[in-house]
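Coordinate analysis (summary)
The residues making up each chain are set out below.
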Amino acid sequence: MATTFMTSLDQKSRAATRGWSDLTIRNVFVIPTVAFLIIFNVFPLLYSLGFSFTDFRASSKDAVNFVGLKNYTDVLGDPVIWRSFATTMWYVIVSVAGQFVVGFGMALLLNRPIPFKGFITTLLLLPMMLSPVVVGLFWKLIYDPSWGILNYALGLGKTAWLTDTNLALYAVAITDIWMWSPFVMLLSLAGLSAVPKHLYEAASIDRAGKLYTFFRITLPLVAPILMIAVIFRTMEAFKTFDIAFVMTGQPQAELISSRLYKMAFAQWQTGPASALAYIILIMVLCITNIYVKYLNKAKER
């Protein structure tokens, strides 16, 4: 029946009465999608690649000159860029690790019969549904040293979280953890619900302890989907811009995406900014490739 449906049209349908074939129907949906991807994804990608080899400035009408790999060498030789890379890498480690611990912990708590489980899960998913700019402004008020609720709740006096060079990056990371831990929780719940119940029953019959059951049954079986969550969150954390841009302007909390924004739209260094964007792309692809290798190993186990 499925084959018949895919190879022939219902003679009573509107498409059949208009004389449309199956190939025409598919093309009507496929061709616009492919065209959209080419125009808005592939074309800008290749266009910016060309800019990365020139001295083009979007704010100038001067002639564009080909400079080869100069933009790449200049970017890689800039200590400010390397400082932003180091800041970003530490931010990614803190943010993703926090999301993993908090998200997986919430999933373990929710993976049991509790009252109002569906309602609680829905409430916990609300942060990831908000706009990052709104979240940044919301937490900026919470961190306010004069009347922010965080200092009052923790008894920290007038701690300036967002202007302190030692705390600004962690303040942004905490905000990101609050926003995206529900994403990890959601994927973890899907993995936990797929673990066969008879394995826990067998472990209970053998009088296995909770730690043994967790590390020998739960964690190995959920590891592949946890790795997928880590892959997605690592890529997104590496590209974080809006939250950090809204919350703080400290150089010690300047992520590589913020440095890219300043080069491209504040200093109008379009060529070097394009080169930096491709360097970031290559780094994200390399990191993702490492995760995928570990994911394949986890699946083989």
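In case you missed it, the structure is sitting above this.
Now for a look at the structure at hand. The residue numbering used here restarts from 1 in each chain and proceeds along that chain's sequence as written. Two thresholds apply to this predicted model, a pLDDT of at least 70 for residue-level local features and 80 or more for giving and counting side-chain atom pairs, whereas whole-chain, interface and lining totals are computed over all residues. Side-chain numbers here rest on the full set of heavy atoms in the structure, without hydrogens or water.

Residue position: T54 is located in the loop between α3 (22–51) and α4 (70–76). Looking at T54, its side chain comes within polar contact range of the main-chain oxygen of F51, at 2.9 Å. Residue contacts follow a heavy-atom distance rule, with two residues in contact if any of their heavy atoms lie within 4.5 Å. Sequence-distant contacts of T54, defined by excluding residues within four places in its chain, comprise V64, N65, F66, V67, N71 and G271. Helix and strand labels come from DSSP, where a helix needs a run of H or I of at least four residues and a strand needs a run of E of at least two; each type is numbered from the N terminus. Pairing of N or O atoms within 3.5 Å defines a polar contact, subject to two protein rules: one partner must be a possible hydrogen donor and the other a possible acceptor, and residues neighboring in sequence count only if both atoms are side-chain atoms.

Attention now moves to the pattern of salt bridges. Every case where a carboxyl oxygen of Asp or Glu lies within 4 Å of a side-chain nitrogen of Lys or Arg is listed as a salt bridge. In this structure the tally under the stated criterion is five salt bridges. For R233, the salt bridge identified is with D176, shortest N-O distance 3.7 Å. One end of the pair, R233, is in helix α11 (residues 210–238); the other, D176, is in helix α9 (residues 168–193), with 57 residues separating them in the sequence. Of the two residues, R233 and D176, neither departs from the other in class, the shared state being buried. Three exposure classes are used, based on accessible area relative to the maximum for each residue type with a 1.4 Å probe and protein chains only: buried under 20%, partly exposed in between, and exposed over 50%.

Let's shift gears to the packing of aromatic side chains. In summary, the pairing rule links any two rings of Phe, Tyr or Trp, Trp by its six-membered ring, whose centres are within 6.5 Å, and it sorts them by plane angle into stacked for under 30 degrees, edge-to-face for over 60 and tilted for everything else. As enumerated under the stated definition, the model contains 21 aromatic pairs in all. Arranged with centres 5.3 Å apart and planes meeting at 20°, the rings of F43 and Y47 form a pair that is stacked. Separated by four residues within a single helix, F43 and Y47 lie in helix α3, roughly one turn from each other. Residue F43 is classed as partly exposed on the basis of its relative accessible area, which comes to 49%. Considering the side-chain rings of F51 and F56, the 4.4 Å spacing of their centres and the 10° angle between planes classify their relative orientation as stacked.

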